[in-house]
Amino acid sequence: MDEKTEELRDLFLDVTDDGTVTETQEETPGSLTDEQPEDERLDDVIDRMEERYAFETDWNHGEYRRLVRGFFDEESDAALAEELDADEGSVVRARMDLHLLRESDTEFPFELREFRRLRAEEEDVDLSEELDTDEATIERAICVTETQDEARTANDRFRDEFEEIVTDGELSSQLAGETREDGLKEATEGMENDLSM
């Protein structure tokens, strides 16, 4: 301790009744990563959806979580199917269960508005004949429009929640990495390297 620091210390001790010059360390504030783990948050949304809707897929939560992350990382259904050891049709169906629609899901050789109109008609309509397409395409259109309706009824809340959770997780990891990098840079700034090889 140099002379000036010693004088300041003595002055501080004179004006305070406390005999110590250091504060006890309080608990540090939390960080983004201290909140509920990402897996638990995703499971919570999946649980609520399973309670509310009749899922057509019977996957475990780990598979659904992987699907959610892959969807927002823009992985293809084929790539996800390979990783999850499932067929592509099951991946698409699971995405529909979770309201995770891709833009390409709504591409049909006919207008979906016209499909909806025909389907809503009271009289029996042969949709495949009316729209000049096969039954598989009609089934896919039914699945997509029903998923759109469910998602709209919920104001796309579940998709938004999934996106927020996955984005928060990525942001937390990025911020933690940047903080470590900045802290390391600061701690080593001005240090001399005296390495002999």
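Residues numbered from 1 in each chain as written. Predicted model: local features only at pLDDT ≥ 70, side-chain atom pairs only at ≥ 80, totals over all residues. Heavy atoms only, no water.

**Observations regarding the nonpolar core**
With 24 residues, the main nonpolar core has M49, V68, L98 and F162 as its most contacted residues. For this core, the elements supplying multiple residues, two or more each, are helix 2 (38–52), helix 3 (61–72), helix 4 (77–84), helix 5 (88–97) and helix 9 (157–188). Tallying contributions element by element places helix 3 first for this core, with five residues. In this view, V68 contacts L42, L98, L100, F162 and V166; residues no more than four positions away in its chain are not counted. In this structure, L101, F110, L127 and I142 belong to the second largest nonpolar core, which totals 14 residues. (Core = buried A, V, L, I, M, F, W, Y, C linked by side-chain atoms within 4.5 Å. Buried < 20%, exposed > 50% of the residue type's maximum accessible area, 1.4 Å probe, protein only. Helix = DSSP H or I, 4+ residues; strand = E, 2+ residues; numbered from the N terminus. Contact = heavy atoms within 4.5 Å.)

**Topic: a negative patch on the surface**
Together, E123, D124, D126, E129, E130, D134, E135 and E139 line one region of the surface with negative charge. Taken together, the elements giving at least two residues each to the negative patch come down to helix 7 (127–130) and helix 8 (135–153). For E123, a relative accessible area of 58% gives the class exposed. (Patch = residues over 30% accessible without salt bridge, like charges linked within 9 Å, V, L, I, M, F, W, Y side chains within 5 Å. Areas by Shrake-Rupley, 256 points an atom, 1.4 Å probe, with all protein chains shown as cover. Salt bridge = Lys/Arg side-chain N within 4 Å of Asp/Glu carboxyl O. Lys, Arg positive; Asp, Glu negative; His and termini not counted. Charge placed at Lys NZ, Arg CZ, Asp CG, Glu CD.)

**As for the pattern of salt bridges**
Summed over the entire model, instances satisfying the criterion amount to 19 salt bridges. Where E56 meets R93, a salt bridge forms, and the shortest distance between an N and an O atom there is 3.6 Å. You can see E56 sitting in the loop between helix 2 and helix 3 and its partner R93 sitting in helix 5, a full 37 residues away along the chain. Among the residues examined, E56 registers a relative accessible area of 59% and is labelled exposed. Put simply, R152 and D149 hold a salt bridge, and the shortest N to O gap is 3.9 Å.

**Here we look at the packing of aromatic side chains**
By convention here, two paired aromatic rings are described through the distance between centres and the angle between planes. For the coordinates displayed, the defined rule picks out six aromatic pairs. Ring centres 5.4 Å apart and planes at 20° place the aromatic pair F108 and F110 in the stacked group. Taking 5.8 Å as the distance between ring centres and 25° as the angle between the ring planes, the aromatic pair formed by F110 and F115 counts as stacked. Exposure remark for F110: the relative accessible area of 11% places this residue in the buried category. Joined through ring pairs, the aromatic side chains of F55, W59 and Y64 make up one cluster. Directly above the aromatic system of F158 lies the positively charged group of R157, at a separation of 4.6 Å from the ring centroid. (Phe/Tyr/Trp six-rings, centres within 6.5 Å; stacked < 30°, edge-to-face > 60°. Lys NZ or Arg CZ within 6 Å of the ring centre and 35° of its normal.)

**Quick look at the packing of helix 2 against helix 3**
Close contact between helix 2 and helix 3 brings their axes to 10 Å; oriented N to C, the two are set at 105°. Taken together, helix 2 and helix 3 sit at an angle that is classed as roughly perpendicular. In contact with E38, D39, L42, D43, I46, D47 and E50 of helix 2, helix 3 contributes H61, Y64, R65, V68 and R69. Here the residues of the contact of helix 2 with helix 3 sort into four nonpolar, one polar and seven charged. (Axes fitted to C-alpha atoms, helices over the stretch in contact; angles between N-to-C directions. Parallel < 35°, antiparallel > 145°, perpendicular 65-115°, else oblique. Nonpolar A, V, L, I, M, F, W, Y, C, P; charged D, E, K, R; others polar.)

Everything listed is a geometric property; what it means functionally is a separate question.
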